[in-house]
Amino acid sequence: MNRQPLVSIVTPSFDQAPFLEAAMRSVLEQSYPHIEYIVIDGGSSDGSLEIIQRYDDRLADWVSEPDRGQTDAINKGFARAGGEILAWLNSDDTYQPEAVAQAVGALQNRPEVGLVYGDANYIDERGRVIGRFPARQTDYRKLRRGYVHIPQQAAFFRANLWRDVGPLDPSFYFAMDYDLWVRLAKISRLQYHPGVWANFRLHSASKTIAADRHCWDEMLRVHYRDGGGKLAPIVLKYYLRRLLAPLVTWRRRRLVHSAEKE
């Protein structure tokens, strides 16, 4: 029988009380038994602290204090983590009940793989499915060309590789996950596993709705930092995305608003 490794999951949060408990329960109610759960709150004043304290006896660690934002909170959480497998779940997203067990199984079956990821649903404020993230297999070459296809909510990676390539760059607001995927893909294999592992919540205050245009700016920073040229596919995609950004944002807002009216 395969040994069951410890999985450390970090939830960064700031003023997300309407969604925080659902995120926390989706971790605490996983079918996989060996989870170290760490919540890093940025000093919320909206009732989040009371939610966290309600689950104090089931958390490996938690803190509520001012920080430098989401990326800093994730780094802080992973610095406290002791698991062999790592993941972070934002406070407005959720896992499916078998997500961790399936991710652990996938990593155990493929020792050469450093990161595994599944599919993610888009959900609305009330948790109803309103779409599907376009996940599919990618690799270092495709990532450098701008083909990401990894839903962060459904991604799990090995802690020993994190120690090689981490921490996240705290100057990134949006593309810190893309930056990490590139670094991991450079030294290990990535593996997509079809099947829904997580739920990606879209709501009016989410970064994906409010600030999506910044993502490609940060992805280009990664591209040029790693020696990319100005005529690379990711650069062309950046300018195309800038052109289409109003349409993309409008479609996402329409999706959210349509769900809110139902």
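For the structure itself, look to the data block above.
Residues numbered from 1 in each chain as written. Predicted model: local features only at pLDDT ≥ 70, side-chain atom pairs only at ≥ 80, totals over all residues. Heavy atoms only, no water.

Here we come to the pairing of strand β7 (residues 129–132). Note: strand β6 (residues 113–123) against β7, 3 bridges, orientation antiparallel. In the sheet register, Asn-121 faces β7, and the bridge partner there is Arg-132. Hairpin geometry of β6 and β7 is characterised by an intervening segment of 5 residues between the two adjacent antiparallel strands and by a positive phi of about 85 degrees at Gly-127. (Pairing = 2+ DSSP bridges. Helix = DSSP H or I, 4+ residues; strand = E, 2+ residues; numbered from the N terminus.)

Below, the discussion takes up the pattern of salt bridges. Counted under the stated rule, the structure contains 12 salt bridges. Between Arg-225 and Asp-226 there is a salt bridge, with its nearest N and O atoms 2.9 Å apart. With relative accessibility at 43%, the residue Arg-225 sits in the partly exposed group. Salt bridges linked by common partners bring Asp-179, Arg-183, Arg-225 and Asp-226 together as one network. (Salt bridge = Lys/Arg side-chain N within 4 Å of Asp/Glu carboxyl O. Buried < 20%, exposed > 50% of the residue type's maximum accessible area, 1.4 Å probe, protein only.)

With respect to the helices and strands, Arg-158 occurs in strand β8 (residues 155–158). Of note is the side chain of Arg-158, whose polar atom sits 2.7 Å from the backbone oxygen of Leu-107. Discounting chain neighbours no more than four positions away, the residues touching Arg-158 are Glu-84, Leu-107, Arg-110, Pro-111, Val-113 and Gly-114. (Polar contact = N/O pair within 3.5 Å; in protein donor to acceptor, adjacent residues only side chain to side chain. Contact = heavy atoms within 4.5 Å.)

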